[in-house]
Number of protein chains: 2
Amino acid sequence: MVHINNDDIDNFEHLYRINLINSCSGYKSANLLGSKSLSGIENVAVFSSVTHIGSNPPMLGFFLRPTIMLRNTYENIKATGFYTINHIHETILEDAHHTSAKYKSSISEFDKTNLVSEYKNEFLAPFVKNVPLQLAMAFVEEQEIKANNTILIIGKIVGLHVNDNLLEDDGFINLAKGKIATINGLDGYSVPKQNKRFGYQRPK
Amino acid sequence: MVHINNDDIDNFEHLYRINLINSCSGYKSANLLGSKSLSGIENVAVFSSVTHIGSNPPMLGFFLRPTIMLRNTYENIKATGFYTINHIHETILEDAHHTSAKYKSSISEFDKTNLVSEYKNEFLAPFVKNVPLQLAMAFVEEQEIKANNTILIIGKIVGLHVNDNLLEDDGFINLAKGKIATINGLDGYSVPKQNKRFGYQRPK
């Protein structure tokens, strides 16, 4: 086993360090966040930090560094209050990852990829078409992480569109059946083929 | 496609609702957090919310609801300042998931499963032995999520132990090579077999 200590991490070259630290937390969610500016310009961007916050009320969070990157998503959410979370699946991996390129706010990533926007139920923000799981989100609160100026955005799930074959009898959404991806590090994508459920555990 | 709206979510039976909301965010990290009380009782518990916060300083976060569950991990971290993050891999799935059972603080999950604790480099908190990736963490700060009293715990990575065959030349840790698991919902585990890397993206 390799042992990497505090000093090693501090002294690694920039790219080595961001690869290492971004891949050491484990598998991450693979989502496209859709939003729209007040002037009507659509935005879609890959995020790997969407995390469960609570079921009642139903809330998810994600992290961003608004001063450094991904400002369009942040500004659109703050301006309009709404965004979508769309799951990256096997057939759109390359286009989804390309949304990480730093385009100007006047350019929509929908115009630079084969990703197509769609609108449902008069929800303000664009969904990504033909994705097996799409969530309509309303902004709730933001928290600043003091140690590095990262911002945690919390949103409430106000709508959920899911392909029939993914939704099981007990409410479990089977991500493997939707060929939904998971992210390893900054640019690695895996598509799990199956899963095993172990049920609720009680003390032995 | 099934459309589930705000009212539907509010009216679902409890178990259906928690299965749905816990599986709709996408794949989650699969980690065992190790900690120790001031009186020396070891604790190990499964978490699926460990998330990348930043690379410089190297920080990870995770969420918990200290008033409802998993109080041992929270109390130990606050009392000692240290904990470990250990990656759940193919051969320990069942034991890892069993740590979600609600044992009293006087009982160590290491005594109720085949998981074995180990100590390295005089770090206070126990690691889980024979795991391909182990992180030594120091508590940095906590943030309260007002909307549901969840707490976000931020920690700094102060040490990293990784099996040689997972660590690639550019710092990327290949989780698939370690047969590391990812979590779907509350109790579904997948072990991705491979990944594809797409590299850094620039505007076209």
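Residues numbered from 1 in each chain as written. Chains lettered and ligands numbered in written order. Predicted model: local features only at pLDDT ≥ 70, side-chain atom pairs only at ≥ 80, totals over all residues.

1. A closer look at the overall build of chain A
Reasoning step 1: In terms of helices and strands, chain A carries four helices and 14 strands.
Reasoning step 2: A compact globule built from 204 residues would reach a C-alpha radius of gyration of about 17 Å, and chain A, at 18 Å, matches this within 12%.
Reasoning step 3: For chain A, the spread of C-alpha atoms along the principal axes amounts to about 55 × 50 × 30 Å.
Reasoning step 4: In chain A, which comprises 204 residues, the proportion classed as buried is 53%.
Reasoning step 5: A separation threshold of at least 6 residues defines the contact pool for chain A, and within that pool the share at least 24 residues apart is 61%. (Helix = DSSP H or I, 4+ residues; strand = E, 2+ residues; numbered from the N terminus. Rg over C-alpha atoms; globule rule 2.2 N^0.38 Å. Buried ≥ 20, exposed ≤ 12 C-beta atoms within 10 Å, placed from the backbone. Contact = placed C-beta atoms within 7 Å.)

2. Regarding the sheet that holds strand β2 (residues 28–29) of chain B
Reasoning step 1: As summarised here, the arrangement of the four strands in space is β14(A)-β13(B)-β12(B)-β2(B), forming an open sheet in which the pairing is antiparallel. Two strands bound the open sheet, and with one partner strand each, they are β14 (196–197) of chain A together with β2 of chain B. (Pairing = 2+ DSSP bridges.)

3. With respect to the interface of chain B and chain A
Reasoning step 1: Across the contact, 94 residues belong to chain B and 94 residues belong to chain A.
Reasoning step 2: For the side of chain B that touches chain A, the class distribution of residues is 44 nonpolar, 36 polar and 14 charged.
Reasoning step 3: The pairing of strand β1 (residues 2–5) of chain A with strand β11 (residues 150–162) of chain B spans four bridges and is classified as antiparallel. Following the sheet pairing, A:His3 is matched in β11(B) by B:His161. (Nonpolar A, V, L, I, M, F, W, Y, C, P; charged D, E, K, R; others polar.)

4. Remarks on the sheet that holds strand β2 (residues 28–29) of chain A
Reasoning step 1: The antiparallel open sheet is built from four strands, whose spatial order is β2(A)-β12(A)-β13(A)-β14(B). On the outer flanks of this sheet lie β2 of chain A together with β14 (196–197) of chain B, each paired with one strand and no other.
Reasoning step 2: Pairing analysis gives two bridges linking strand β13 (residues 188–190) of chain A to β14(B), with the strands arranged antiparallel. Counted as the bridge partner of A:Gly188 is B:Arg197 from β14(B).

5. What about the confidence of the model for chain A?
Reasoning step 1: For chain A, per-residue confidence averages 95 on the pLDDT scale, and residues scoring 70 or more make up 98% of the total.
Reasoning step 2: Per the prediction output, this complex has pTM 0.97; the corresponding ipTM is 0.96. (pLDDT = per-residue confidence, 0-100.)

6. Details of the relation of the copies chain B and chain A
Reasoning step 1: When chain B is fitted to chain A, the residual RMSD is 0.0 Å, and the transformation amounts to a turn of 180 degrees plus an axial shift of 0.0 Å. Each copy turns onto its partner about a two-fold axis. The rotation axis passes nearest to the C-alpha of B:Pro192 in chain B, at a distance of 2.4 Å.
Reasoning step 2: When the interface residues of chain B are mapped onto chain A, 100% of them again fall at the interface, so both copies present the same face. (Least-squares fit on C-alpha atoms with pLDDT ≥ 70 in both.)

7. As for unusual backbone geometry
Most of the time, phi is negative for any residue but glycine, and the peptide bond is trans.
All names here are of chain A.
Reasoning step 1: Asn-56 connects to Pro-57 through a cis peptide bond whose omega is 0 degrees.
Reasoning step 2: Its identity is not glycine, yet Asn-130 carries a phi of approximately 60 degrees, on the positive side.
Reasoning step 3: For Asn-130, the position within the fold is in the loop between β9 (127–128) and β10 (133–145).
Reasoning step 4: A positive phi angle, close to 50 degrees, is found at Lys-179, a residue other than glycine.
Reasoning step 5: With respect to the helices and strands, Lys-179 occurs in the loop between β11 (150–162) and β12 (182–184).
Reasoning step 6: Of the residues examined, Lys-179 has 17 C-beta atoms within 10 Å and is grouped as partly exposed.

8. Section: the pairing of strand β6 (residues 58–64) of chain B
Residue and element names in this part refer to chain B.
Reasoning step 1: With seven of seven residues buried, β6 lies mostly within the body of the structure.
Reasoning step 2: The two faces of β6 match: Pro-58, Leu-60, Phe-62 and Leu-64 on one face and Met-59, Gly-61 and Phe-63 on the other face are all buried.
Reasoning step 3: Hairpin connection from strand β5 (residues 51–55) to β6: two residues lie between these consecutive antiparallel strands.
Reasoning step 4: Of the strand pairs in this sheet, β6 and β11 are connected by six bridges, and their pairing is antiparallel. Pairing of Phe-63 across the sheet is with Leu-152, part of β11.

9. Details of helix α3 (residues 71–80) of chain B
Residues and elements named next belong to chain B.
Reasoning step 1: Residues of α3 that are buried: Asn-72, Thr-73, Tyr-74, Asn-76 and Ile-77.
Reasoning step 2: Considering only its buried residues, α3 is in contact with β3 (31–36), β4 (42–47), β6, β7 (82–87), β10 (133–145) and β11.
Reasoning step 3: Positive backbone phi, at 85 degrees, marks Gly-81, one or two positions downstream of α3.

10. Points about the environment of A:Ala181
Residue and element names in this part refer to chain A.
Reasoning step 1: With respect to the helices, strands and loops of the structure, Ala-181 is situated in the loop between β11 and β12.
Reasoning step 2: Ala-181 gets classed as buried once you count the C-beta atoms within 10 Å, which come to 30.
Reasoning step 3: Counting along the chain gives ten residues from Ala-181 to Val-191, while the straight-line C-alpha distance between them is 4.5 Å.
Reasoning step 4: With near-sequence residues (within four places) excluded, Ala-181 lies in contact with Ala-30, Ile-88, His-89, Glu-90, Leu-93, Tyr-189, Ser-190 and Val-191.

11. Some details on the environment of A:Ser35
Reasoning step 1: Within the fold, A:Ser35 resides in strand β3 (residues 31–36).
Reasoning step 2: Leave out the neighbours within four places in its chain, and A:Ser35 touches A:Asn43, A:Thr73, A:Asn76, A:Ile77, A:Tyr83 and A:Ala125.

12. Things to note about the environment of A:Phe12
Reasoning step 1: One can find A:Phe12 in the loop between α1 (6–11) and α2 (14–23).
Reasoning step 2: With 180 residues separating them in the primary sequence, A:Phe12 and A:Pro192 have C-alpha atoms 32 Å apart.
Reasoning step 3: The residues contacting A:Phe12, other than those within four sequence positions of it, are A:Arg17, A:Leu20 and B:Gly171.

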